[in-house]
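# Analysis of the macromolecular model
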Amino acid sequence: MGYQTFSACRHQQSGRFFILILTWILIVGSAHGHLAVSSTHSEGPGGRISGRIVDAVTGVSVAGASVVTVNGSGGTQADAEGRYLIDRLDAGDYSLQFSHIGYETRQVDDVSVRNNDTHVLDIRLKKAPIDLKGMTVVPGRYAVMGSDPTTSQIMTRRDLATVPQLGEDLYRAINRLPGITSNEFSARFNVRGGEYEQLLVTLDGLLLYEPFHLKDIEGGALTIIDAAAVDGIELITGGFGAEYGDRMSGVLSIRSRRPPINRRRFSFGISVMNVRVMSEGTFNNNRGSWLFSAKRGYMDLIQKLDGRDDKLDPRYYDLFAKVQHQIGGRHVLAAHFLRAGDNLLIAGSEDYYSEYDTLVTSFDNTYGWLTLYSEFSGRLMARTMISLGKVGHDRSGRISTDHDGTYNISRRVIDTKSFRTAAIKSDWEWEVSERSVLKLGVETRGLATTYDYEGHLYRYYWDSHRLIRIDTVLAQLEPSGVQLGGYLAGRFRIAEPLTVELGLRYDRMTYSDDETFSPRINFVCRPGLRTSIRAGWGYFYQAQGIDGLMVGDRENSFNSAERAEHWIIGLEHDFPFGLLFRAEGYVKKYSALRPRFRNLLGSIEAFPEMEYDRVIVHRDGAESRGLEVFLKKDVGRSITLWASYALAQIQDDVSVVSYLHNDNTERYDKTIPSPIDQRHTIYLDVNYRPTQKWQINVSWRFHTGWPYADSADDYSAQLRRMCAVRYGNYSRVDLRVNRDISIFSGHLTAYIELINLLGRKNIRSYYYETVCDRDGCVPLKRTSHWLGTLPLFGISYTRGF
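Residues numbered from 1 in each chain as written. Predicted model: local features only at pLDDT ≥ 70, side-chain atom pairs only at ≥ 80, totals over all residues. Heavy atoms only, no water.

### Concerning the overall build of the protein chain
What counts, and what does not: Strands are runs of DSSP state E lasting at least 2 residues, helices are runs of H or I lasting at least 4, and numbering of each runs from the N terminus. Only protein chains enter the area calculation, which uses a 1.4 Å probe; residues under 20% of their type maximum are buried, those over 50% are exposed, and those in between are partly exposed. Only heavy atoms enter the contact rule, under which two residues are in contact if any of them lie within 4.5 Å.
Of regular secondary structure, the protein chain possesses 5 helices and 47 strands. Burial statistics for the protein chain: of 801 residues in total, 56% are counted as buried. Contacts in the protein chain between residues at least 24 apart in sequence constitute 65% of all its contacts with a sequence separation of at least 6.

Written out as structure tokens, the structure reads:
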């Protein structure tokens, strides 16, 4: 059963009342802001800090310098003239940190801010060699938000808040970065041709498994991490260091917010997708802090308020809590808890499906972890973590489809899976001298999964009322084992412009009997203050997850670990007139690949393992290669431009392809495009700030169509033509407007977002519908599209207490 969960008409019908409320807020907020300007001559809500950052010797502007409030959420970057502005600050005293690659970081304390006033602070930075520990050596690293002075920040917090992102989702906001491919239904993304499972995701150092809501929709419609609770993101698209193991494509490292010193804040937000709350603050003379965030999706409630008796009932929630406290002068202990859950009920429409058709699914993610940060001296630091985690999945239902009016195919599935993990991990970093740093770490992780699966495939003949069971799959497995990992890496400044990092990683999986060694090398050469040349090579192994058996496809044993070999070279240059330029080329070669299960027609199915187009693909290898270019330019203080282009080729060396539910097999022994081969990709973003109260973002994305198999019900032809043709090119224009309002001693932000502003019909897939008359039955080709024009809107309110 193919189903389109997020349709534009659904949001339009259920959201008219909310649009009227939001429009009223924008109008009243504009009037409120106008009166405030007239009476105070201010340019925006709250207090502001502004100034200019220049070189201490030459007086030349330091374009792109980072400015952040220490342990706070405010931050920005200097424009081409070195000017900066941080607004919407609560009244009080602040500490500001100014930094840029090649300059000493400078901190200024006791910067006084008053409401409706601007504190002018000009800064002179002194040149300094880049700290070896914080230097960015690996290529393909992108920093989003945060305050790392050793790498160029691709997107600030304000940038992230103003880009169109479909559901205020963190993953959807950053999927415009080079090397990433994604689709509209899923928050998941692929990195440089790798499957999503090849991306390592961490939150405050903890490995997350399947961090998504509504996983039946293309693997996850939304992420379980609230973007408002995030302080910074680091994405590495290849060549990552030895400290990261058991992944072949990339690393997404997420850091939670650091509550501001001497402040407590509460925020509340509501949108067409969800409602959320967040609280943060410090205690015990700033030695301790807390952060709490919770979110609840309410698409089910909107449907009830709108009087709709829909057969679609999605519900989800997530919450995150963190408490940390300083112990003595050298240690900080942090306790974290993350919990997420969702339920999805889908019932078939009576005019097409049997009234008995249903799909009921539930997922839950629960993690708890303790982290001890230790600084034994200025040169020796450690992070030790113990953690527990559980991921549960329940899926059941019956789906029926009619074929030619002569028989009915019925699929019945009961599927339960529970994954559990307990781990201890310790990472150490020792600055031996100004020219060398050593890193080492060890990890042990206990793993266990329970599989309980029952699936039946029936054929029912209408004329004779005969029910024939075509296939049955039964599986009950309880694999368990231990994962061991360790690494040793050294970073050395060979000469003033050249730094090299050498690393070796060891991984052992007892449940699959895998044992691997991964050598890696990265280097950066800085011929000038504004130029960096980076390159990397390495082996990256990934074992089949203990929770990764496709038991519904009769997979009951683990395959050997897969391997990817990375070759990467990149250039980064920060022009003095405020233009950031990055270009990277890469080659990624896969080997020892395990078989993959796919559905040739690409429809979203309730039980994909029971569909007639389910195949198993055997590959001898694969290769991904490409060239990526990224540009960012600040035009004055009002306009920011982003542009990226990626040329990529992803190919599979396919040996054999077989259907699972019939005897058709095709011997390939040839190279074909991967299903996610996206040859050309372009992103353009324009962020315009006419005043400090308004932000307008227009974005355009384009990519060439993905390969697919185009044949009707001819099984053999489908196998022969797998990924032989392509869908049409994809193109979409999005618009988002943010409005900041100072009201009730706090800050309110309202936004309106239009996804697919021009209403372009982008083809998602083709399917065939059999139409019969007195002359016989013929298959007619139908088209399924991605989202039409989709309006989204919401408000958030923040206030100190």
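### A few points about the environment of Trp694
One can find Trp694 in strand 40 (residues 694-703). Measuring from C-alpha to C-alpha, the distance between Trp694 and Thr749 comes to 9.7 Å, with 55 residues separating the pair along the chain.

### Looking at the packing of aromatic side chains
Rule in force here: Stacked, tilted and edge-to-face pairs are distinguished by plane angle, under 30 degrees for stacked and over 60 for edge-to-face with tilted covering the rest, among Phe, Tyr and Trp rings (Trp via its six-membered ring) whose centres lie within 6.5 Å. Over a ring means this: the NZ of a Lys or the CZ of an Arg is within 6 Å of the ring centre and within 35 degrees of the ring normal.
In the structure shown here, the tally under the stated rule is 21 aromatic pairs. Among the aromatic residues, those joined into a cluster by ring pairs are Tyr171, Phe189, Tyr196 and Phe212. Its guanidinium or amino end placed over the ring of Tyr751, Arg736 lies 3.9 Å from that ring's centre, counting from NZ or CZ. A cation over an aromatic ring shows up here: Lys781 above the ring of Tyr766, its NZ or CZ 4.0 Å from the ring centre.

### Some points on the pairing of strand 4 (residues 83-89)
Put simply, the rule is: Pairing between two strands is assigned when DSSP locates at least 2 bridges connecting them.
Counted residue by residue, strand 4 has 5 buried out of 7 residues, so it is predominantly covered. Looking at chain direction, strand 1 (residues 47-55) and strand 4 are connected through 5 bridges and run antiparallel. Within the sheet, the bridge partner assigned to Ser50 lies in strand 4 and is Leu85.

### A closer look at unusual backbone geometry
If you check the backbone angles, Asp110 has positive phi at about 55° while not being a glycine. Note that Asp110 resides in strand 6 (residues 106-113).

### Brief notes about the environment of Asp471
Rule in force here: Throughout this description, a polar contact denotes any pair of N or O atoms lying within 3.5 Å of each other; where both atoms belong to protein, one of them has to be capable of donating a hydrogen while the other can accept it, and for residues adjacent in sequence the pair is counted only when both atoms sit in side chains.
The residue Asp471 is located in strand 28 (residues 466-477) in this model. Separated by 16 residues in the primary sequence, Asp471 and Gly455 have C-alpha atoms spaced 8.2 Å apart. Residues in contact with Asp471, not counting those within four places in the same chain, are Gly455, His456, Leu457, Arg554 and His661. Polar contacts involving the side chain of Asp471 include one to the side chain of Arg554, which spans 2.4 Å.

### Some points on the environment of Gly570
Assignment of secondary structure puts Gly570 in strand 33 (residues 562-574). When the C-alpha positions of Gly570 and Ser532 are compared, they lie 8.2 Å apart, and in sequence the two are 38 residues distant. Those residues within four positions of Gly570 in sequence are excluded, and the remaining contacts are Ser532, Ile533, Arg534, Ala583 and Glu584.

### Focus on the side chain of Ser426
Within the secondary structure layout, Ser426 lies in strand 26 (residues 407-433). Given a relative accessible area of 13%, Ser426 falls into the buried group. For Ser426, the side chain forms a polar contact with the side chain of Trp428, separated by 2.8 Å. Leave out the neighbours within four places in its chain, and Ser426 touches Arg383, Thr384, Leu440, Gly441 and Val442.

### Considering the pattern of salt bridges
For clarity, the cut-off: By salt bridge we mean one thing: a side-chain nitrogen of Lys or Arg within 4 Å of a carboxyl oxygen of Asp or Glu.
Evaluation of the coordinates by the stated rule reveals 38 salt bridges. Across the pair Arg192 and Glu584 runs a salt bridge, and its minimum N-O distance is 2.7 Å. Residue Arg192 is located in the loop between strand 12 (189-191) and strand 13 (199-203), and its partner Glu584 is located in strand 34 (residues 579-591); the two are separated by 392 residues in the primary sequence. Judged by its relative accessible area of 3%, Arg192 is buried. Arg598 is the salt-bridge partner of Asp652, the closest N and O atoms lying 3.3 Å from each other. Here the residue Asp652 occupies a position in strand 37 (residues 639-659), and Arg598 occupies one in strand 35 (residues 596-599), the gap between them amounting to 54 residues. An identical accessibility class is assigned to Asp652 and Arg598; each is buried. A network of salt bridges, in which partner residues are shared, links Arg192, Arg582, Glu584 and Glu628.

### Concerning the side chain of Arg619
Take Arg619: it is sitting in strand 36 (residues 614-635). Judged by relative accessible area, Arg619 falls into the buried class, the value being 11%. A polar atom in the side chain of Arg619 sits 3.2 Å from the side chain of Asp652.

### Describing the confidence of the model for the protein chain
Note the cut-off: A residue's pLDDT is simply how confident the predictor is in it, with values from 0 to 100.
In the predicted model, the protein chain carries a mean pLDDT of 85, and 87% of its residues have values of at least 70. Residue range residues 1-44 is modelled with pLDDT below 50. Its contacts to residues more than four positions away, or to other chains, number 86 contacts. Here residues 349-355 is a poorly scored stretch, pLDDT under 50, and it has 9 contacts once near neighbours within four places are set aside; other chains count.

### Description of the sheet that holds strand 3 (residues 75-77)
Our working definition: Axis lines are fitted to C-alpha atoms, over the contacting stretch for helices. Their N-to-C directions set the angle, which ranges from 0 to 180 degrees.
The 4 strands lie next to each other as 3-2-5-6, forming an open sheet whose pairing is antiparallel. The sheet is open, and its two borders are formed by strand 3 and strand 6, each paired with just one other strand. Going from strand to strand, the sheet's axes swing by 20° on average, the running direction of each strand aside. Two elements, strand 5 (residues 92-99) and strand 6, share 6 bridges in a ladder whose sense is antiparallel.

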